[in-house]
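# Coordinate analysis (summary)
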Amino acid sequence: MRTTRRRRALPWRTANAECARAAHELGRLRDELLFHLDSHLGVAERRHLAHTVHRINALLFLYATLRRAPHDTRLGVLLGTVTHLLDHVYDRPAAGARTGPLEEVVLGTRVPDPGDVWQSVLGELAARCWTSVADADAVRPYLVRMLATQRRSREQMGPSAMEPAALEELTSDKGHHSLCLYFAAVNAGFGPAEESALRSFGSYLQYMDDLEDRYEDRADGRVSPVGPGFRAVREAGRRFAAARRDLADFYGRGPGARHRMLLAWLTLFHIGVVVGAACETAERRLPAPVRRTLDRGRRGLAARVPFFEVAPVGAPPQPAGGQS
């Protein structure tokens, strides 16, 4: 019995230890480079960045476990950081003049302008990524496609509302194209069959991100696929079921398939985000001092259990301009 319990606890200890390594790596990256952006990113935005980094690194950690391959925490943190900083720029129309040059800098086709802090920081982050990815030539088309999808996402803030079909296509593409980029970055054998199998998973992950950001999207005037209350939870469950089915169909082949571990952690993530969304709605009705006390408790929990950063429960401090 004791051995069985130890075996069951091992994946949790392993995942939690990986999140601790990611936190250490992100802290080092802040000290080396990200501090240059402190005047552009408030405290809440830096917290949001940490959540993004932990989530993407955890996803790549589970993918490495699934493939029985080593995981590169440094690359996971770099990809998460680049993703969040690009999102931050794309989500702000006032930053539009910078996105073209920034895309070229991230693609490695433009030398960063030393007088532009965004180009300098993202250029250095991208350079570190390109030296670590599995196959740079194979990865670049996935990055080009992801950047094009990010440009399309600005239509969510346009003067006219997006048609439901166009919004659904964009939601699916945003999640799917990002997911394919991450997996191609760490797996030189990533190909069309696996890409096709990840369509529903990418759509699910993007919807869950939109579910967490629904209040910020509303404040920024951004069109969201997330409906009210129970309807949003039901839609999240529908996408979750579709993603589970397709992941099991593709990765559940062969002896000793490890897809069950991925699905188990995905279930924990799903519960955490859904419960967190409900808690956030309830917390917004509480006085500010109570909300601050709850936030301090969450930060204390994350310090003791780093995996909590992957699916934080409750309302995080809100960035000044929102985040999608």
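Residues numbered from 1 in each chain as written. Predicted model: local features only at pLDDT ≥ 70, side-chain atom pairs only at ≥ 80, totals over all residues. Heavy atoms only, no water.

### Let's talk about the overall build of the chain
When helices and strands are counted, the chain shows 13 helices and zero strands. Listed by position from the N terminus, the elements making up the chain come as α-α-α-α-α-α-α-α-α-α-α-α-α. In the chain, the share of contacts with a sequence separation of at least 24, taken over all contacts with a separation of at least 6, comes to 72%. Carbon and sulfur atoms make up 57% of the accessible area of the chain, which amounts to about 15,300 Å² in all. (Helix = DSSP H or I, 4+ residues; strand = E, 2+ residues; numbered from the N terminus. Contact = heavy atoms within 4.5 Å. Areas by Shrake-Rupley, 256 points an atom, 1.4 Å probe, with all protein chains shown as cover.)

### Regarding empty space enclosed by the protein
It is the rolling of a water-molecule-sized probe over the atoms that shows where space remains empty. Tallying each qualifying case throughout the model produces six cavities of 30 Å³ or more. By volume, the second largest cavity amounts to about 180 Å³. Taken together, 15 residues form the lining of the second largest cavity, with Leu79, Val82, Cys129, Leu143 and Leu181 sitting closest to its centre. For the lining of the second largest cavity, the elements supplying multiple residues, two or more each, are α3 (73–90), α5 (117–130), α6 (136–152) and α7 (164–186). Ranked by residues supplied to the lining of the second largest cavity, first place goes to α3 with four residues. (1 Å grid on protein atoms, 1.4 Å probe; cavity = no way out; pocket = protein on both sides within 12 Å on 5 of 7 lines; lining within 4 Å. Points joined across faces, edges and corners; volume = space filled by probe spheres on them.)

### What to know about the nonpolar core
Counting 74 residues, the largest nonpolar core has Leu85, Leu122, Leu125, Phe183, Phe201 and Met208 as the members making the most contacts within it. Sort the elements by how many residues they give to this core and helix α2 (residues 43–67) lands first, with ten residues. Contacts of Leu85, omitting those with residues within four sequence positions, involve Leu34, Leu37, Leu41, Leu49, Trp118, Val121, Leu122 and Leu125. (Core = buried A, V, L, I, M, F, W, Y, C linked by side-chain atoms within 4.5 Å. Buried < 20%, exposed > 50% of the residue type's maximum accessible area, 1.4 Å probe, protein only.)

### Quick word on the side chain of Gln119
Here Gln119 lies in helix α5. On the basis of relative accessibility, which here comes to 6%, the residue Gln119 falls in the buried class. Apart from the residues lying within four places of it in its own chain, the contact partners of Gln119 are Pro101, Leu102, Val105, Arg110, Val111, Pro112 and Asp113.

### Considerations on a nonpolar patch on the surface
Taken together, the side chains of Leu286, Val290 and Leu294 define a hydrophobic patch exposed on the protein surface, amounting to about 200 Å² of accessible area. Inspection of the secondary structure puts Val290 in helix α13 (residues 288–304). (Patch = residues over 30% accessible without salt bridge, like charges linked within 9 Å, V, L, I, M, F, W, Y side chains within 5 Å. Salt bridge = Lys/Arg side-chain N within 4 Å of Asp/Glu carboxyl O.)

### Quick notes on the layout of surface pockets
Computed from the structure, the largest pocket encloses a volume of approximately 290 Å³. Elements with a minimum of two residues in the lining of the largest pocket: α10 (214–220), α11 (229–251) and α12 (259–283). Considering every element that reaches the lining of the largest pocket, the biggest residue donor is α12, with four residues. Taken together, the residues that form the lining of the largest pocket break down as eight nonpolar, four polar and four charged. (Nonpolar A, V, L, I, M, F, W, Y, C, P; charged D, E, K, R; others polar.)

### Remarks on the packing of aromatic side chains
Scanning all chains against the criterion turns up five aromatic pairs. An aromatic cluster of three or more residues is present, and its members are Tyr204, Phe240 and Phe269. Sitting over the ring of Trp130, Arg140 keeps its end group 4.3 Å from the ring centre. (Phe/Tyr/Trp six-rings, centres within 6.5 Å; stacked < 30°, edge-to-face > 60°. Lys NZ or Arg CZ within 6 Å of the ring centre and 35° of its normal.)

### Examining the environment of Leu205
With respect to the secondary-structure elements, Leu205 resides in helix α9 (residues 199–212). In the structure, Leu205 is positioned 34 residues away from Arg239 in sequence and 8.8 Å away in space, judged by C-alpha atoms. The contacts of Leu205, once residues within four sequence positions are left out, are Leu59, Leu179 and Phe269.

### Some details on the environment of Arg21
Turning to its location among the elements, Arg21 is positioned in helix α1 (residues 2–32). C-alpha separation for the pair Arg21 and Thr73, spaced 52 residues apart in sequence, amounts to 7.1 Å. Apart from residues lying up to four places away in sequence, Arg21 is in contact with Thr14 and Thr73. At 2.9 Å, the side chain of Arg21 forms a polar contact with the side chain of Glu18. (Polar contact = N/O pair within 3.5 Å; in protein donor to acceptor, adjacent residues only side chain to side chain.)

### Let's talk about the pattern of salt bridges
Here the structure, examined in full by the defined rule, presents 16 salt bridges. Arg140 serves as the salt-bridge partner of Asp137, at 3.9 Å between the closest nitrogen and oxygen. Of this pair, Asp137 and Arg140 both sit in helix α6, separated by three residues, roughly a single helical turn. Since its relative accessible area comes to 64%, Asp137 is described here as exposed. A relative accessible area of 28% means that Arg140 is categorised as partly exposed. A salt bridge links Arg245 to Asp246, with the shortest nitrogen-to-oxygen separation between them at 3.3 Å.

### As for the confidence of the model for the chain
The predicted model of the chain averages 84 in pLDDT, with 85% of residues at 70 or higher. Within the model, pLDDT remains below 50 along residues 1–10, and this stretch shows one contact once partners closer than five positions in the same chain are excluded. (pLDDT = per-residue confidence, 0-100.)

### Remarks on the side chain of Ser153
By the element assignment, Ser153 lies in the loop between α6 and α7. Of note is the side chain of Ser153, whose polar atom sits 2.5 Å from the backbone oxygen of Gln150.

### Side note on α5
Under the 1.5 Å per step criterion, the end-to-end length of α5 is 20 Å for 14 residues, consistent within 8% with the ideal 20 Å. Burial analysis of α5 places ten of its 14 residues in the buried class, which makes it a mostly covered element. Residues of α5 that are buried include every one of Trp118, Gln119, Val121, Leu122, Gly123, Leu125, Ala126, Arg128, Cys129 and Trp130, and no others. Put simply, Asp116 is the residue that caps the front of α5, since its side-chain oxygen is 2.9 Å from the backbone nitrogen of Trp118. (Expected span 1.5 Å × (residues − 1).)

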